[in-house]
Amino acid sequence: MNEAAETRAGFVALIGEPNAGKSTLLNAMVGAKVAIVTHKVQTTRARIRGIAMAETEGGRAQLVFVDTPGLFRPRRRLDRAMVAAAWAGADDADVICLLIEAHRGLTEGVQSILDRLAERPGLKVALVINKIDRVKAPALLHLAQEMNAKRDFAATFMISAERGHGVEDLRRWLAAEMPAGPFLYPEDEISDLPTRMIVAEITREKLTLRLHEELPYQLTVETESWDDRKDGSAEIRQIIYVIRDGHKGIVLGKRGETIKTVGQEARKEIEALIGRRAHLFLEVKARPGWLDEKERFDAIGLDFSGGEE
């Protein structure tokens, strides 16, 4: 590429209701797994920044994605901190992508987000209708018209983040919308989250998938230590915090089978992420007040004060 090639860089906030597909879209854009993806709602806690490179007509652009927690009605301090983080990410972005689910359409939750966006008239917002494979074309067009009647969106995209349909068109448009300027991060970087936090999120995802409804969103995972062994492998020790002693048995499972399976699944994904062997050690601890501890919020990248009423 010649020296005169243009560079662009900026922030893109992905907002929407829980489970709208924001984390799936982020991972599709970045080409690597940096956000926890499950069928459950409210699984994204920190404002994970995924970093993607894209071609533009005059050069290249760096898209820094802020994958915000899903916007919902908060009840606990953790919930309030997550929603505060979501809106902070939106306010700081060059472009906001509002994701809605094609088959659910204009829900009460989406209307609530539109109302909040109306209080921020200067923001550039693109409408991204996700999961388009679940509805027929006439319904999609009707939804797009209905949404654009509610707000003058900068652009409208219809995608399937899971299957990759329409993702490249969205990436190209976002690249052209980024302000001209130098790249904000090294070109080979995929996230500004510390690797220790990403591997903790991988373990938390496996726990969330494995435990289904048995254990609510009252556990967190922290990487306590990371040591590089002489043979080049990594020794990673993590603590799974639950809020009750009775929850420890659920996480461990019968004869320790649940935590063993979670450890094996997480280790494989961690090894793929870091490109070398990993030895993963998991410990479960009951910490009744972790949902109200500043240290726990710091560990998952949330502002403790953002959870105040």
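The paragraphs below set out a description of the structure included in this document. Just so it is clear, the structure is predicted and the values come from calculations on it, not from any experiment. (Residues numbered from 1 in each chain as written. Predicted model: local features only at pLDDT ≥ 70, side-chain atom pairs only at ≥ 80, totals over all residues. Heavy atoms only, no water.)

### Digging into unusual backbone geometry
Peptide bonds are mostly trans, and most non-glycine residues show a negative phi.
Step number 1: The phi dihedral of Lys131 falls on the positive side, at around 65°, and the residue is not glycine.
Step number 2: Along the chain, the position of Lys131 falls in the loop between strand E5 (125–130) and helix H4 (137–150).
Step number 3: A relative accessible area of 16% places Lys131 in the buried class.
Step number 4: The phi dihedral of Arg255 falls on the positive side, at around 55°, and the residue is not glycine. (Helix = DSSP H or I, 4+ residues; strand = E, 2+ residues; numbered from the N terminus. Buried < 20%, exposed > 50% of the residue type's maximum accessible area, 1.4 Å probe, protein only.)

### Concerning the side chain of Thr208
Step number 1: By secondary structure assignment, the location of Thr208 is in helix H6 (residues 195–211).
Step number 2: A distance of 2.7 Å separates a polar side-chain atom of Thr208 from the backbone oxygen of Arg204. (Polar contact = N/O pair within 3.5 Å; in protein donor to acceptor, adjacent residues only side chain to side chain.)

### Details of the sheet that holds strand E7 (residues 219–228)
Step number 1: With mixed pairing, 3 strands are arranged side by side in an open sheet as E7-E8-E9. For this open sheet the edge positions go to E7 and strand E9 (278–286), each flanked by a neighbour on one side alone. This sheet shows a mean twist of 20° between the axes of neighbouring strands, independent of strand direction.
Step number 2: The pairing of E7 with strand E8 (residues 234–242) spans 9 bridges and is antiparallel. Looking at E8, one finds that Ser225 is bridged to Arg237.
Step number 3: With respect to the sheet, H6 is in contact with E7, E8 and E9, its orientation differing from that of E7 by roughly 135°. (Pairing = 2+ DSSP bridges. Axes fitted to C-alpha atoms, helices over the stretch in contact; angles between N-to-C directions. Contact = heavy atoms within 4.5 Å.)

### Here we look at the pattern of salt bridges
Step number 1: According to the stated counting rule, one finds 18 salt bridges in the structure shown.
Step number 2: Arg60 serves as the salt-bridge partner of Glu55, at 3.5 Å between the closest nitrogen and oxygen.
Step number 3: Here Arg229 ties to Glu235 by a salt bridge, and the two come within 2.8 Å at their closest N and O atoms.
Step number 4: One continuous salt-bridge network, built from bridges that share partners, spans Glu17, Glu101, Arg104 and Lys131. (Salt bridge = Lys/Arg side-chain N within 4 Å of Asp/Glu carboxyl O.)

### Considerations on the environment of Ala286
Step number 1: Summarising the element assignment, Ala286 is placed in strand E9.
Step number 2: Judged by relative accessible area, which is 28%, Ala286 ranks as partly exposed.
Step number 3: Between the alpha carbons of Ala286 and Leu219 there is a distance of 9.3 Å; along the sequence they are 67 residues apart.
Step number 4: With residues up to four places along the chain from it excluded, the contact list for Ala286 reads Val242, Arg244, Asp245 and Lys248.

### Here we look at the packing of helix H1 (residues 22–30) against helix H5 (residues 167–177)
Step number 1: Across the interface, H1 lies against H5 with an axial gap of 11 Å and an inter-helix angle of 75°. One element, H1, and the other, H5, form an angle in the roughly perpendicular class. Side by side, H1 and H5 meet where Leu25, Ala28 and Met29 of the first sit next to Val167, Leu170, Arg171 and Leu174 of the second.
Step number 2: Class assignment for the residues of the contact of H1 with H5 results in 6 nonpolar, no polar and 1 charged. (Parallel < 35°, antiparallel > 145°, perpendicular 65-115°, else oblique. Nonpolar A, V, L, I, M, F, W, Y, C, P; charged D, E, K, R; others polar.)

### A few points about the packing of aromatic side chains
Step number 1: Tallied over the entire structure, the rule returns 1 aromatic pair.
Step number 2: The cationic tip of Arg237 hangs over the ring face of Phe281; the distance from NZ or CZ to the ring centre is 4.2 Å. (Phe/Tyr/Trp six-rings, centres within 6.5 Å; stacked < 30°, edge-to-face > 60°. Lys NZ or Arg CZ within 6 Å of the ring centre and 35° of its normal.)

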